[in-house]
Each structure stands twice: as C-alpha cells, then as structure tokens.
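Examining the three-dimensional arrangement
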Amino acid sequence: CLCDAQFEDGQDYATGAFIACGVCKDNYYPEGECSRYCTRDTRCSGYGRCTEEGYCICDEGRDGDDCLSCAKDYYPAGDCTVYCSTD
C-alpha cells in the first residue's frame, strides 16, 4: 500500500517491529499525527527552529508564529537586530 504523503514506513525502536505508514517523514510533526510541516526556512521564515509539535521557537529578536515580527524592544522592523529598551 502507499502511505499518505507525510507518513513513511518505520520501525518501533523498542521492539524492532515494522510499522507500515506509521512514522512521520522528516519535518512533519507531531509524531503519530504528522499533520504539521515545519522547517527553519518554511514555517519559521529562516529565523527559528521547529519544536517536536511543529511550532517555531524564534531566534533572539524575533517573534510571532512565523518569526517574521520583531520581539518586544527589538528594532528596526524587518531586521530586528538592535535591542533598545525604554525601561
């Protein structure tokens, strides 16, 4: 049989048993569901890394679901490399 696009055949590492279409292909999350595609360059716009759930943890100075916004007190917009707090 053919697996859905986000799944592939795999192996249960605890038992060694073969699992047909039961493992996420690379960059699909969360394991077992495989419904969210995430890479640094796609979902995180080149400014973060993917969690095991397929969400972004943004680099310093970045914020937002896709890491395109500047975090609080980071400037200029789009670059987000200068930290400046008024506190």
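The following paragraphs examine the structure supplied in this document. Only a predicted model underlies this, so the values are computations on that prediction, with no experimental measurement involved.

It is worth spelling out the environment of leucine 68 at this point. Note that leucine 68 resides in the loop between β7 (62-63) and β8 (69-70). A residue is classified by how much of its surface remains accessible, and leucine 68, at 46% relative accessible area, is partly exposed. For leucine 68 and threonine 15, which are 53 residues apart along the polypeptide, the C-alpha to C-alpha distance reads 42 Å. Once residues within four sequence positions are removed from consideration, leucine 68 is found in contact with Ser45, Tyr47, Arg62 and Asp63.

Below, the discussion takes up the state of the cysteines. Scanning the entire structure with this criterion turns up 6 disulfides. A disulfide bridge connects cysteine 58 with cysteine 67, and the sulfur atoms are separated by 2.2 Å. Taking the sign of the S-S torsion, about -90° here, the bridge from cysteine 58 to cysteine 67 comes out left-handed. Judged by its relative accessible area of 0%, cysteine 67 is buried.

Conventions and cut-offs
- Residues numbered from 1 in each chain as written.
- Predicted model: local features only at pLDDT ≥ 70, side-chain atom pairs only at ≥ 80, totals over all residues.
- Heavy atoms only, no water.
- Helix = DSSP H or I, 4+ residues; strand = E, 2+ residues; numbered from the N terminus.
- Buried < 20%, exposed > 50% of the residue type's maximum accessible area, 1.4 Å probe, protein only.
- Contact = heavy atoms within 4.5 Å.
- Disulfide = S-S within 2.5 Å.

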